[in-house]
Amino acid sequence: MHGGEASLVLPDFSSVSFFGLQGNHLLMLGLLVCAAGLVFGLVTYNRLRDLPVHESMREISELIYQTCKTYLIQQGKFLLMLWLFIGAVILLYYKALVGFSWGRVAVILAFSLIGMAGSFGVAWYGIRVNTFANSRTSFAALRGKPYPAHAIPMQSGMSVGMVLISVELMMMLVIMLFLPAGIAGSCFIGFAIGESLGASALRIAGGIFTKIADIGSDLMKIVFHIKEDDARNPGVIADCTGDNAGDSVGPSADGFETYGVTGVALITFILLAVDDVAIQVHLLVWIFTIRIVMVLAAFISYAINSALTKARYADADRMDFEAPLSQLVWLTSIVCIALTYLTSYAMISNLDDGMWWKLATIISFGTLAGALIPELVKAFTSVKSRHVTEVVVSAQQGGASLGILSGLVAGNFSAFWLGTAILGLMTGAFFVSTLGLGAMMLAPAVFSFGLVAFGFLGMGPVTIAVDSYGPVTDNAQSVYELSTIEEIDGIEDEIKRDFGFDVQWDNAKRYLEENDGAGNTFKATAKPVLIGTAVVGATTMIFSIIMSLTQGLQYDVDKLSLIHAPFLLGLIAGGAIIYWFSGASTQAVTTGAYRAVEFISANIKLDGVTKASADDSKKVVEICTRYAQRGMLNIFLGIFFATLAFAFMEPFLFIGYLISLALFGLYQAIFMANAGGAWDNAKKLVEVDLDAKGTALHDASIVGDTVGDPFKDTSSVSLNPIIKFSTLFGLLAVELAVSISSGGNAILAHVLAVVFFVVAVYFIWRSFYGMRIGLDLRDVRRELSDDPETDELSGPAAAAAVVGGMERVEEGLELETIPQRSGLEHSHS
């Protein structure tokens, strides 16, 4: 198809009626549901803002928000710079090669900005809600009851989930209902690329930022034997900012993009693979009505679960914080499945051969996955799981070494069990697709996989809610310590006078720590759901590329085979990129954390002060931001030019590359996410259940957690948007390459492939050699001897000798000199 997805034309939705309403009028009712979702989110926003909180805690949460806001503004500018690369390719392809009018090209560019702004906007909303909720949760815990410490993060999470899904769905419906059908394809492809770019940048940079701060803060507990979130540690504010940048901003943008891209993929498939226009309309209206119904299902489930939880725990002195979260996930899954069957029967029972129950069953495999996968994840990451217990037991006798090995075991086993679960659900969907769907469309199995991904996301508001629960509970514990509220003169009398209750300090601290463990677990559960959606959904997008290359499966289908060497080479190339990405993102964390630890160690003041200086805290935030952006720049440009290079080398090599990205990425992400989750909650077990802070076992668990930090919150979670961005951008890249080659310029296409590959390799090289700490063994020797005269070659000179002119390239992004505790000067690396 000339122009690919941008040339797709939507059918007339008014041509088919449902319940006596034209299809377009039925979908318009969905706009009311979206508006109601936004109203719910905003009402909850105001309720959280107005909850009681002591001024000392409110000040900390506002400081966290201000640093988050500064970070997001910098990321917004960074995003616009990255968008220029994408915009250039869009302009070149659609204007110079396809020949679209300037107006149509402008539509694609405009909607790419709208998509990027959507990812950015919901991320901002998420941190604002969460930074209201963190201090209110911390204060509510002072009452000595566990229920308020659960209810407030749950409300904030549901607010984020409902707003995110409502905004995304509203944008999609507006394109379908109010814009000319002839430009809808252009709007969708621009929108999808923009939100994918936004999610990629915010997820990767946020993941790097948060783990630099987290590791820098955590290691101070070992070095100086200070408590968790000690207010004197200038890394703690950066850690709190990172909790939002990595665990709120990233997932919010990621969830927004995942929901949108999956919808665009299904629309594209239906328009390409279904010939009958009436069936196209039936399927499109049915899919989006199901989405609308699932938003209602999520709200109904949340309301029921909240009532049940309140009735059970409102006056309780003990609470299993994981129980109501698990109950909400399963309740939502059951309600969504029931409503899927009812809606399908009501809307498409007139389709031949019992198609309504077959399609509903396929979606339900995905909806079931949305509840089953979190249960499997809990088996490897929950504070109650045997794997997490094994990490603690191993560390007790073997220190950090055996603890780390046990975490690796948990990650590897989890990849098997989750991979097997996804395999089983997709196999079930494939089996149902063989029961007559082939008479209605091409490649029914691919459509079934897309519907499975759609089902994964049916619980979208709840999936986002339980994920957003984590950063609030994490921050709540930090706010408690940072506020130093216990040390305020007359605080107990003040709270009794102003808020009407007696403070219970010991209970408050314990509930906050236990709740943080539950937050860790459910942060972990959302990650495989999103990565699973990316992989399953990618098959649908890859199919649209295959349809274009084979002219509707009429030509060159034999090249989708291992016998066709370029296809096999593409499979190998995708795996290589996944492992480079994992290393590059971790390297950015490692170098940034080194600089953060270096600065904190040199500037932390423990005697005669109660809090770190604001300037020192801001400096740590600055270190985290700069290294996050440096790491992100290398990674994004490496991915960008690698995608262009493989697309231009050979189109079927590129298909193999995309398939390989998805499959390698699935297992790498699950392994890393759950190994990190096991280490994270092993530390929580040591701190809460064993009450062993400050012991050798605690030190060992901290080391395991710092290894797991970039595993679970940087590399693994960032693979999801990377897979989708590469696939979506690949739609343009491969069409651009084919257009050039078919115009008699095959040699030019291959020359460009080599050029792009060289540029990609440069950024891949730079992601390590340009991101190194910059010291060598002579500097380590001087550090060990603590004698600045041991070696004539200083740290900066050694660094310059290693990386040479590379550092001058980086100079514009570098920090000023940071003093070191051993006399070494900071190297500009």
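All of these numbers come straight from a predicted model, not from anything done at the bench.

The rules behind these values
- Residues numbered from 1 in each chain as written.
- Predicted model: local features only at pLDDT ≥ 70, side-chain atom pairs only at ≥ 80, totals over all residues.
- Heavy atoms only, no water.
- Axes fitted to C-alpha atoms, helices over the stretch in contact; angles between N-to-C directions.
- Helix = DSSP H or I, 4+ residues; strand = E, 2+ residues; numbered from the N terminus.
- Left-handed = near helix turned anticlockwise from the far one by under 90°.
- Contact = heavy atoms within 4.5 Å.
- Nonpolar A, V, L, I, M, F, W, Y, C, P; charged D, E, K, R; others polar.
- Phe/Tyr/Trp six-rings, centres within 6.5 Å; stacked < 30°, edge-to-face > 60°.
- Buried < 20%, exposed > 50% of the residue type's maximum accessible area, 1.4 Å probe, protein only.
- Lys NZ or Arg CZ within 6 Å of the ring centre and 35° of its normal.
- Patch = residues over 30% accessible without salt bridge, like charges linked within 9 Å, V, L, I, M, F, W, Y side chains within 5 Å.
- Areas by Shrake-Rupley, 256 points an atom, 1.4 Å probe, with all protein chains shown as cover.
- Salt bridge = Lys/Arg side-chain N within 4 Å of Asp/Glu carboxyl O.

Student: So what's going on with the packing of helix 3 (residues 102-140) against helix 5 (residues 184-224)? Which residues, and what values?
Tutor: Geometrically, a packed helix pair is captured by the angle between its two axes and the distance between the axes. Where helix 3 meets helix 5, the axes come as close as 6 Å, and the angle between the chain directions of the two elements is 40°. As helix 3 runs across helix 5, the sense of the crossing is right-handed. Contacts from Arg104, Val107, Ile108, Phe111, Ser112, Ile114, Gly115, Met116, Ser119, Phe120 and Ala123 of helix 3 reach helix 5 at Ser186, Cys187, Ile189, Gly190, Phe191, Gly194, Glu195, Leu197, Gly198, Ala199 and Leu202. Tallied by class, the residues present in the contact of helix 3 with helix 5 amount to 13 nonpolar, 7 polar and 2 charged.

Student: A description of the packing of aromatic side chains should follow, citing residues and the corresponding values.
Tutor: Tallying each qualifying case throughout the model produces 34 aromatic pairs. Here the aromatic rings of Phe640 and Phe729 are separated by 5.0 Å at their centres, their planes lie at 20°, and the arrangement is stacked. On the criterion of sequence distance, the pair formed by Phe640 in helix 16 (residues 614-649) and Phe729 in helix 18 (residues 696-742) is long-range, its members being 89 residues apart. Each of the two residues, Phe640 as well as Phe729, counts as buried. Among the aromatic residues, those joined into a ring-pair cluster are Phe85, Phe636, Phe640, Phe641, Phe648, Phe725, Phe729, Phe756, Tyr762 and Phe763. Here the guanidinium or amino end of Arg291 rests over the ring plane of Tyr259, the centre of that ring lying 4.0 Å away.

Student: Tell me about a nonpolar patch on the surface, and name the residues and values.
Tutor: Where nonpolar side chains cluster on the molecular surface, the patch consists of Leu296, Phe299, Ile300, Ile304 and Leu308 and spans about 410 Å² of accessible area. On the secondary structure map, Ile300 appears in helix 7 (residues 277-313). Residue classification places Ile300 among the partly exposed positions, given a relative accessible area of 40%.

Student: Before we move on, can you summarise unusual backbone geometry with the specific residues and values?
Tutor: The bulk of non-glycine residues show a negative phi, and the bulk of peptide bonds are trans. Notably, His225 is not glycine yet its phi reads approximately 50°, a positive angle. Relative to the assigned elements, His225 resides in the loop between helix 5 and helix 6 (235-273). Since its relative accessible area comes to 53%, His225 is described here as exposed. The phi dihedral of Asp556 falls on the positive side, at around 60°, and the residue is not glycine. Looking at the secondary structure, you find Asp556 in the loop between helix 14 (505-549) and helix 15 (565-603). The exposure class assigned to Asp556 is partly exposed, which follows from its relative accessible area of 33%.

Student: I'd like to hear about the pattern of salt bridges, residue by residue, with values.
Tutor: Here the idea is simple: oppositely charged side chains can pair when their charged atoms come close. Counted under the stated rule, the structure contains 39 salt bridges. For Lys211, the salt bridge goes to Asp713, with nearest N and O atoms at 3.0 Å. Of this pair, Lys211 sits in helix 5 while Asp713 sits in helix 18; the two residues are 502 residues apart in sequence, bridging distant segments of the chain. We note that Lys211, like Asp713, is buried. Notably, a salt bridge pairs Asp516 with Lys684, separated by 2.8 Å at the nearest N-O pair. Here the residue Asp516 occupies a position in helix 14, and Lys684 occupies one in helix 17 (residues 651-689), the gap between them amounting to 168 residues. Of the two residues examined, Asp516 and Lys684, each falls in the buried class.

Without other data, these values stay purely geometric and don't point to any function.
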